Amino acid sequence: MCYFDHAASTRPWEEVLCLFQKEATENFANPSSLHQLGFLAEEKIKKAKKTLAQLLQCQAEELIFTSGATESINQALIAYAKGHQGGGNKLVLPAIEHKASLQSAKEAVACWKKGEIVFMPLLPSGHIDFEKLAFFLDKEVGLISLSSVNNNVGQVQDLETLVNLRNRLCPQAKIHVDFVQSFTKYPISLANSGIDMASFSGHKIKGLKGIGLLYVKKNLRLEAYVHGAGQQENRRSGTLNMPLIVSFAKAVELSEKVRKEAFAHALALKKLFLEALLQKNIDFVVHGLELSSDFSKEKMVEASLCTQKLSPFLLNLSFLGVKAETLVNALSEEGFYISTQSSCSSKNDLNYVLSVMGVEDALNVSSVRISFALDNTKEEVLALAEKIEKWVLRLKRK
Ligand code: PLP
């Protein structure tokens, strides 16, 4: 099996699976129970939270465990909007965000009188157009939300410039960042970042599914989104899943430990793959680049490897004349797993992120997403390039 869909989900670390099984078997008590086993589970949760806070450079009280990034994002946008009436009625976000943010934004602005979604101006590459954005940031803005790395194309957004602009033009507005695709890939330091809320997911970083984190800056009031018995200081009810929490902290620890190595490895694989494609007899276009129209393929490859602009873990490209879904299915039959777009919406023909970026439909329908990880080898990448050449040539002839 050659798996290149790590942006959709990852293979959990072996240690994480073992730890989960051990804790779920031995320490299954409810962490809210007032007996020794309950206290033990509670202690383990506290320890895991401390580890996570250290890694993210924030305070343990600023972290809430959720069921995943989708829930974190829902709470960050909707519960914030619900609890902050009259502090600005505009929610500003890019139209290329994950559906969790786009759908939550709709619900969030419905909580505000005359609430309105304002889409951030973007460059054709899908990066924020800060010059234009400055005209949108005024005293009506209540909330700004964006992904640090886009899950579809891999654009890396400049958070520092965004925070500075907010501080200058609309200091009343809060910023939420979706860190799902940069967590344990790019360094993250929340203290003094100017970020007010942030979302993270477990299964994208070699942890298990069903767990995520929401960071809420100290002193920022945020209502509950999941209501119940008042766990997590009334901010997210529901029995805490200690085995899942400790194995999540373990996954973050392990992935952070190899962060630099994984980054260099992903970049080397992306380079190897694109250079292998250059040698093949097929045409391709990489998305998310800032290039004028008369670029050469070599220039395109060079620009694709700029890690300040594009994540080395992600590659979105089109093979003109070949329907992406057909290519993905053909590769899948041979044991090579890539995706047509974000897995959450991969049933639609057109990739909405590319549509927003102005990519023409013919290119759009032929776009695929390949995501690399430390788990992949050079041999797998070269084999993938071979298989793609074979299938692109075969499918084009049809
Ligand atoms: N945000 C981004 C950028 C993602 O890539 C994903 C998952 O695809 C999510 C949010 C949702 O994460 P989860 O699966 O943990 O709900």
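Residues numbered from 1 in each chain as written. Predicted model: local features only at pLDDT ≥ 70, side-chain atom pairs only at ≥ 80, totals over all residues. Heavy atoms only, no water.

Visitor: What am I meant to see in the overall build of the chain here?
Guide: From N to C terminus, the chain includes 13 helices and 12 strands. On C-alpha atoms alone, the chain measures out to a radius of gyration of 22 Å, which is about the 21 Å that the 2.2 N^0.38 rule sets for 398 residues. Expressed as lengths along the three principal axes of its C-alpha atoms, the size of the chain is roughly 70 × 55 × 35 Å. Taking all 398 residues of the chain together, 57% fall into the buried category. (Helix = DSSP H or I, 4+ residues; strand = E, 2+ residues; numbered from the N terminus. Rg over C-alpha atoms; globule rule 2.2 N^0.38 Å. Buried < 20%, exposed > 50% of the residue type's maximum accessible area, 1.4 Å probe, protein only.)

Visitor: Can you help me understand empty space enclosed by the protein in this one?
Guide: Using a probe with the size of a water molecule, rolled over the atoms, empty space left in the structure can be pinpointed. According to the stated counting rule, one finds two cavities of 30 Å³ or more in the structure shown. Taken as a whole, the largest cavity spans an internal volume of roughly 240 Å³. Residue lining of the largest cavity: 21 residues in total, with Lys185, Lys206, Ala262, Phe313 and Ala373 positioned closest to the centre. Taken together, the residues of the lining of the largest cavity sort by class into 10 nonpolar, six polar and five charged. (1 Å grid on protein atoms, 1.4 Å probe; cavity = no way out; pocket = protein on both sides within 12 Å on 5 of 7 lines; lining within 4 Å. Points joined across faces, edges and corners; volume = space filled by probe spheres on them. Nonpolar A, V, L, I, M, F, W, Y, C, P; charged D, E, K, R; others polar.)

Visitor: For this particular structure, what's the right way to read the site of the ligand?
Guide: Around the ligand, the surrounding shell holds 13 residues, and the nearest of these are Thr70, Asp178, Ser201, His203 and Lys204. Interatomic distance of 2.6 Å between a side-chain N/O atom of Asp178 and a nitrogen atom of the ligand. The contact in question runs from an oxygen atom of the ligand to an N or O atom on the side chain of Gln181, over 2.9 Å. Coverage of the ligand by the protein amounts to 91% of the 390 Å² it exposes when considered alone. With three residues, helix α3 (residues 69–83) is the largest single contributor of residues to the shell around the ligand. The residue makeup of the shell around the ligand, split by class, is four nonpolar, seven polar and two charged. (Near = heavy atom within 4 Å. Polar contact = N/O pair within 3.5 Å; in protein donor to acceptor, adjacent residues only side chain to side chain. Areas by Shrake-Rupley, 256 points an atom, 1.4 Å probe, with all protein chains shown as cover.)

Visitor: Explanation requested: the layout of surface pockets in the structure shown.
Guide: Computed from the structure, the largest pocket encloses a volume of approximately 530 Å³. Each residue belonging to the lining of the largest pocket can be placed in one class, and the counts come to 12 nonpolar, seven polar and four charged.

Visitor: I tried to follow the packing of helix α8 (residues 259–278) against helix α9 (residues 297–304) on my own but got confused; where do I start?
Guide: The geometry of a pair of packed helices is captured by two quantities: the angle between their axes and the separation between those axes. One can describe the packing of α8 onto α9 by two numbers: an axis separation of 10 Å at closest approach and a directional angle of 170 degrees. When the interaxial angle is binned, α8 and α9 end up roughly antiparallel. In contact with Lys270, Leu274 and Leu278 of α8, α9 contributes Lys297, Glu298, Val301 and Ser304. In terms of residue class, the contact of α8 with α9 is built from three nonpolar, one polar and three charged. (Axes fitted to C-alpha atoms, helices over the stretch in contact; angles between N-to-C directions. Parallel < 35°, antiparallel > 145°, perpendicular 65-115°, else oblique. Contact = heavy atoms within 4.5 Å.)

Visitor: What is the right way to read the nonpolar core from this model?
Guide: A general trend in soluble globular proteins is that nonpolar side chains are found buried together. Counting residues in hydrophobic clusters, the biggest one holds 52 residues, and the most contacted among them are Ile144 and Phe200. Among the elements that take part in this core, helix α7 (residues 242–257) stands out by supplying nine residues, more than any other. Not counting chain neighbours up to four residues away, the residues in contact with Ile144 comprise Val92, Met120, Leu137, Leu162, Arg166, Cys170, Ala173, Lys174, Ile175 and His176. Among the nonpolar cores identified, the runner-up in size contains 45 residues, and Leu277, Ala324, Val368 and Ile388 belong to it. (Core = buried A, V, L, I, M, F, W, Y, C linked by side-chain atoms within 4.5 Å.)

Visitor: I'm lost on the pairing of strand β2 (residues 63–66) in this one. Help?
Guide: The side chains of a regular strand alternate between the sheet's two faces. Neither face of β2 is left uncovered, since the one carrying Leu63 and Phe65 and the one carrying Ile64 and Thr66 both have all their residues buried. Across four bridges, the pairing between β2 and strand β8 (residues 212–216) is antiparallel. By the bridge assignment, Thr66 is partnered in β8 with Gly212. (Pairing = 2+ DSSP bridges.)

Visitor: Can you walk me through the sheet that holds β2 in this structure?
Guide: Sheet strands pair by backbone hydrogen bonding; their relative direction is either parallel or antiparallel. If you trace the seven strands from one edge of the open sheet to the other, you get β2-β8-β7-β6-β5-β3-β4, paired in mixed fashion. Each edge of the open sheet is held by one strand with a lone partner, namely β2 and β4 (116–119). Strand-to-strand, the axes of this sheet are offset by a mean angle of 20 degrees, without reference to chain direction. Contacting β2, β5 (141–147), β6 (174–178), β7 (197–201) and β8, α3 runs over the sheet at an angle of about 160 degrees to β7.

Visitor: Quick question: what am I supposed to make of the sheet that holds strand β9 (residues 285–286) here?
Guide: Strand order in the open sheet formed by three strands is β9-β10-β12, with antiparallel pairing between adjacent strands. Here the strands that pair on one side only, and so sit at the sheet edges, are β9 and β12 (367–371). The pairing of strand β10 (residues 314–318) with β12 spans five bridges and is antiparallel. Across the sheet, the residue bridging to Asn316 is Arg369, located in β12. Sheet strands touched by α8: β9, β10 and β12. Its angle to β10, the strand with the most contacts, is close to 20 degrees.

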